[in-house]
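Summary of the model geometry
Each chain, written out:
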Amino acid sequence: MTDTQNSKGQPDVLPAALFGLCPNCGQKTLFRSVIAFSDKCRACGLDYEKYNVGDGPAAFLTLIVGGLVLALALIVELNYQPPIWLHAILWFPLTIAAVVGSLRLSKAVLLILEHRNQAREGSIDDSGEQ
């Protein structure tokens, strides 16, 4: 067993998310592009489409990264007062890179945790007991 595997032979959450490893077998098959999941694992056949990661991470990350970039931009403006074109050249690419990079990581973490915890869609219990 390596440092990046738990007792079930599955990779640990953070290394698996960082490197796009399958939560079942540990092969690098989780993503087909920068932020799009593959349909299934090419090594073990795990179906990634059954997991519902959704767009929740995108909304939170956009707000968090936007707040951080705004704070940095204000600090730079107040301390150095650069021209507006320099702000545009600096902050737009930084914002896009930070959102895409953190989106990939957060989507992978959510999918891996869904797999580990065997999370399924919730249902309402209509048994009448209270």
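Note that the structure is predicted; figures quoted are calculated from it, not measured.

What follows concerns the side chain of Ser38. With respect to the helices and strands, the residue Ser38 is situated in the loop between helix H1 (13-19) and helix H2 (56-80). In this structure, Ser38 is in contact with Thr29, Leu30, Phe31, Arg32 and Tyr48, ignoring residues within four places of it in sequence.

This next bit is on a nonpolar patch on the surface. The grouping of Ile84, Trp85, Leu86 and Ile89 at the surface amounts to a nonpolar patch, some 470 Å² of accessible area in total. Its place among the elements puts Trp85 in helix H3 (residues 84-117). Exposure remark for Trp85: the relative accessible area of 54% places this residue in the exposed category.

This part is about H2. Between its first and last C-alpha atoms H2 spans 36 Å; for 25 residues at 1.5 Å apiece the expected length is 36 Å, and the two agree. Among all positions in H2, only Pro57, Leu61, Val65, Val69 and Ala73 are buried. Where H2 is buried, its residues touch H3. At the C-terminal side of H2, Gln81 shows a positive phi close to 50 degrees.

Reading guide: rules and limits
Residues numbered from 1 in each chain as written. Predicted model: local features only at pLDDT ≥ 70, side-chain atom pairs only at ≥ 80, totals over all residues. Heavy atoms only, no water. Helix = DSSP H or I, 4+ residues; strand = E, 2+ residues; numbered from the N terminus. Contact = heavy atoms within 4.5 Å. Patch = residues over 30% accessible without salt bridge, like charges linked within 9 Å, V, L, I, M, F, W, Y side chains within 5 Å. Areas by Shrake-Rupley, 256 points an atom, 1.4 Å probe, with all protein chains shown as cover. Salt bridge = Lys/Arg side-chain N within 4 Å of Asp/Glu carboxyl O. Buried < 20%, exposed > 50% of the residue type's maximum accessible area, 1.4 Å probe, protein only. Expected span 1.5 Å × (residues − 1).

Everything listed here is a matter of geometry and, on its own, says nothing about what the molecule does.
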